[in-house]
Amino acid sequence: MRNRAHKYRIYADQQTVDFFARCCGVVRLVYNIALEQRSSFWRQFKRAEGRNISYPSQARELTAIRAEVPWIAECPIDAQQQALRDLNQAFGNFFAGRAGYPKPRRKFVNDAFRIPSSRIGPIEVLNGKWARVRLPKIGDVKFRYTRPIRGKVGNITVVREANGWHIIFSYEFEHETPANDNPSVGIDRGIVNNVALSTGEMSSMPTSDLDELHKQWQRVASRRKSRSKRQAKAKRHAARIAARAARKRLHWQHVTTTRFARRFGTAVLEDLKIRNMSASARGTAEDPGRDVAQKAGLNRSILAAAWFRFETLLTYKLDFLGGTVVKVDPRYTSVTCSECGSRDKGNRENQAKFLCLSCGHADHADVNAAVNILLAGTRPSAASERSGGSRVLERAA
Ligand SMILES: [Zn+2]
């Protein structure tokens, strides 16, 4: 069995949208009160009850509170119970050493609530474009049905994003992994927003115009009077642009990783953890192009997140098709010649150009790096493959 989640945009009237916002608020409040209870009142609770605060004890108290507070009772109890479950899980992770101490949920960050499938109606497909589903206490919710769900729905999440409300269905389905004998590829994720393949192809995330616009509006916001309506407006505008850029990046990541996963069997990537530890392997550790990240215009943390997601998507898509992702140490991939193996800082003429001082091999610097990444991930022994055919095969494929 495999798990998958699809997200759809909700189209609802103002009344429903306001109700979504209230539900998120109540769910957040329940979570934060329950967290406060576990943090501050567990001794008192133990003295009175003789046992620790747990999911069942908090769920019982929730029922009692709902009987007394109508605006908590108006929102679906399932969503509130799910919040208590989340908190229970968060403490479980904390005590097992898998995660830090649970933090309170925040408005505009944690605007979501979840409902188990047993409490929702079936998905009714209205036509090629629209579908609806019935949620407890909310009623019918209409959403843009962009792709079908072929499996058993586990739960749904309603979530607010900068461009509106969405519904996420997570579901299970059966899948048999096929055999995969597609060729291998090395992939170099740049410290600018581009990706290079060992086949010589290059592609870049198409968001630079939006990123520039986002920066402009942030500057506008910072110039306007602090906490004024006009400043808030500029901030909202900037946030919407950032969200549009994020959607565009995600779309590109999906399209690109799907294409790669269908075409290749083994994808070799640099291990980003090592790359980040060596404080930008391309910049400081190996010198050339020190300020590339600034020049790229795309914020470093956004870029890191984008490349991490690229890897996540590629990994599960390849896995689905019987392929695999191999990760290698990224050090020296950008200053080593992929033809003769000579390692020299001088091999890098500039950020874009690679020219080997020993054998004269010339290539785009990122493509040269991608070939090195492929070699590092696939060669049985260093020397025999370096002169050998894997690159030629890739070029031909
Ligand atoms: Zn060389």
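Just above, that's the structure.
Being a predicted model, the structure only gives us computed values, none of them experimental.

Asks: Where do I start with the sheet that holds strand 12 (residues 324–328) in this structure?
Replies: The sheet built from five strands is open, its strands ordered 10-9-8-11-12 with mixed pairing. The sheet is open, and its two borders are formed by strand 10 (202–204) and strand 12, each paired with just one other strand. Direction aside, neighbouring strands of the sheet carry axes that sit 25° apart on average. Alignment of strand 11 (residues 266–270) against strand 12, held across five bridges, turns out to be parallel. In the sheet register, E270 faces strand 12, and the bridge partner there is V328.

Asks: Would you mind going over the environment of F91 with me for this structure?
Replies: As for its placement among the helices and strands, F91 is situated in helix 5 (residues 77–95). For the pair F91 and P102, spaced 11 residues apart in sequence, the C-alpha to C-alpha distance is 6.6 Å. With sequence-adjacent residues up to four places away left out, F91 is seen in contact with L35, R38, Y101 and P102.

Asks: What is the right way to read the coordination of the zinc ion from this model?
Replies: Six octahedral donors around a metal ideally sit at 90 or 180 degrees from one another, while four tetrahedral donors ideally sit at 109.5 degrees. Distances from the zinc ion to its protein donors, C337 (SG), C340 (SG), C356 (SG) and C359 (SG), fall within 2.2 to 2.3 Å. Bound by four donor atoms, the zinc ion shows angles of 105 to 115° at the metal and therefore tetrahedral coordination geometry. Between the donor residues of the zinc ion, the gaps in sequence give the motif C-x2-C-x15-C-x2-C. With C337 in the loop between strand 12 and strand 13 (353–355) and C356 in the loop between strand 13 and strand 14 (362–364), the pair connects residues that are 19 residues apart, well separated along the chain. For the pair C337 and C356, one class covers both residues: buried.

Asks: For this particular structure, what's the right way to read the pairing of strand 9 (residues 194–197)?
Replies: Two faces belong to every sheet, and in a regular strand the side chains alternate between them. Judged by which residues are buried, strand 9 turns out to be covered on both faces: N194 and A196 on one side and V195 and L197 on the other are all buried. Counted between consecutive antiparallel strands, the loop separating strand 8 (residues 184–189) from strand 9 contains four residues. Between strand 9 and the antiparallel strand that follows it, strand 10, lie four residues; G200 among them carries a positive phi value of about 100°.

Asks: Explain helix 12 (residues 365–378) here, please?
Replies: Note: α-helices contain 3.6 residues per turn, so residues at a spacing of three or four share the same orientation. Between its first and last C-alpha atoms helix 12 spans 20 Å; for 14 residues at 1.5 Å apiece the expected length is 20 Å, and the two agree. With 11 of its 14 residues buried, helix 12 lies for the most part within the structure. When we look at burial in helix 12, the residues that qualify are A365, D366, V367, N368, A369, A370, V371, N372, I373, L374 and L375.

Asks: Help me understand a positive patch on the surface in this model?
Replies: A contiguous patch of positive charge on the surface is contributed by R9, R230, K233, R236, R240, R244, R247 and K248. Considering the arrangement of structural elements, one finds R244 in helix 7 (residues 229–263). Judged by its relative accessible area of 41%, R244 is partly exposed.

Asks: It is not clear to me how the pattern of salt bridges should be interpreted in this structure. Could you clarify?
Replies: If charged atoms from side chains of opposite charge come close, those side chains can pair. Scanning the model with the defined rule gives 20 salt bridges in all. R189 is the salt-bridge partner of E311, the closest N and O atoms lying 2.9 Å from each other. With E311 in helix 11 (residues 300–320) and R189 in strand 8, this residue pair connects regions lying 122 residues apart in the sequence. With respect to burial, E311 and R189 carry one shared label: buried. Measuring nitrogen to oxygen at the nearest pair gives 2.8 Å for the salt bridge that ties E201 to R263.

Asks: What is the right way to look at the sheet that holds strand 5 (residues 139–144) in this model?
Replies: Strand pairing in a sheet relies on backbone hydrogen bonds. The paired strands run either parallel or antiparallel. As summarised here, the arrangement of the seven strands in space is 2-6-7-1-5-4-3, forming an open sheet in which the pairing is antiparallel. The open sheet has two edge strands, strand 2 (112–116) and strand 3 (124–125), and neither has a second partner. Alignment of strand 3 against strand 4 (residues 130–135), held across two bridges, turns out to be antiparallel. Across the sheet, V125 pairs through a bridge with A131, a residue of strand 4. Set on the sheet, helix 1 (residues 14–40) makes contact with strand 1 (2–11), strand 2, strand 5, strand 6 (152–161) and strand 7 (164–173); between it and strand 2 the angle comes to about 90°.

Asks: How should I be thinking about the nonpolar core in this particular structure?
Replies: What tends to happen in soluble globular proteins is that the nonpolar side chains get buried as a cluster. Grouped together as the largest cluster of nonpolar side chains are 43 residues, with contacts concentrated most on F113, F143, I156 and F169. Per-element tally for this core: the top contributor is helix 1, with 10 residues. Counting only domains with at least three residues in this core, you end up with domain 1 (14–112) and domain 2 (114–173). Core analysis: the second largest hydrophobic core is formed by 19 residues, M205, W307, L318 and V325 among them.

Asks: Help me understand the side chain of K317, please; the structure alone is not making it clear to me.
Replies: As for its placement among the helices and strands, K317 is situated in helix 11. An unpaired buried charge is present at K317: no salt bridge exists, and D319, the closest side chain of opposite charge, is 13 Å distant. Here T257 takes part through its side chain, which lies 3.0 Å from a polar atom of the side chain of K317. What K317 contacts, discounting residues up to four positions off in sequence, is H254, T257, T258 and A261.

What counts, and where the lines are drawn
By convention here, each chain's residues receive numbers from 1 onward along its written sequence. Whole-chain, interface and lining totals are the exception, using all residues; otherwise, since this is a predicted model, local features are given only for residues with pLDDT of at least 70 and side-chain atom pairs are given and counted only at 80 or more. Heavy atoms from the whole structure form the basis of all side-chain values; hydrogens and water molecules are not counted. Two strands are said to pair when DSSP picks up at least two bridges between them. Each helix corresponds to a stretch of at least 4 residues labelled H or I by DSSP, and each strand to a stretch of at least 2 residues labelled E; elements are numbered beginning at the N terminus. Axis definition: a line fitted to C-alpha atoms, over the contacting stretch in the case of helices. Angles run 0 to 180 degrees between N-to-C directions. The criterion used for residue contact is that any of the two residues' heavy atoms lie within 4.5 Å. Metal donors: N, O and S atoms at distances within 2.8 Å, or within 3.2 Å for Na, K and Ca, with water omitted from the atom set so that some sites may seem incomplete. A four-donor site is called tetrahedral if each angle lies between 85 and 135 degrees; a four-donor site is square planar, and a six-donor site octahedral, when trans pairs exceed 155 degrees and the remaining angles lie between 65 and 115; all other cases are labelled irregular. A simple rule labels every residue: compare its accessible area, found with a 1.4 Å probe on the protein chains alone, to the largest value its type can have, and call it buried under 20%, exposed over 50%, or partly exposed in between. What a helix is expected to span follows from its residue count: subtract one and scale by 1.5 Å. Within the patch definition used here, like charges are joined within 9 Å and nonpolar side chains (Val, Leu, Ile, Met, Phe, Trp, Tyr) within 5 Å, considering only residues with over 30% relative accessible area and no salt bridge. Throughout, the Shrake-Rupley method with a 1.4 Å probe supplies accessible areas, and for residues the shown protein chains are the sole cover considered. Salt bridges are counted wherever a side-chain nitrogen of Lys or Arg sits within 4 Å of a carboxyl oxygen of Asp or Glu. Here the positive residues are Lys and Arg and the negative ones are Asp and Glu; neither His nor the chain ends is included. Note on charges: their place is set at NZ of Lys, CZ of Arg, CG of Asp or CD of Glu. Buried Ala, Val, Leu, Ile, Met, Phe, Trp, Tyr and Cys residues that are joined via side-chain atoms within 4.5 Å together make up what is termed a nonpolar core. Bear in mind that the domain bounds are from an automatic or database domain assignment. In the analysis that follows, any N or O atom pair within 3.5 Å is treated as a polar contact, provided that within protein one partner can donate a hydrogen and the other can accept it, and provided that, for residues neighboring in sequence, both atoms belong to side chains.

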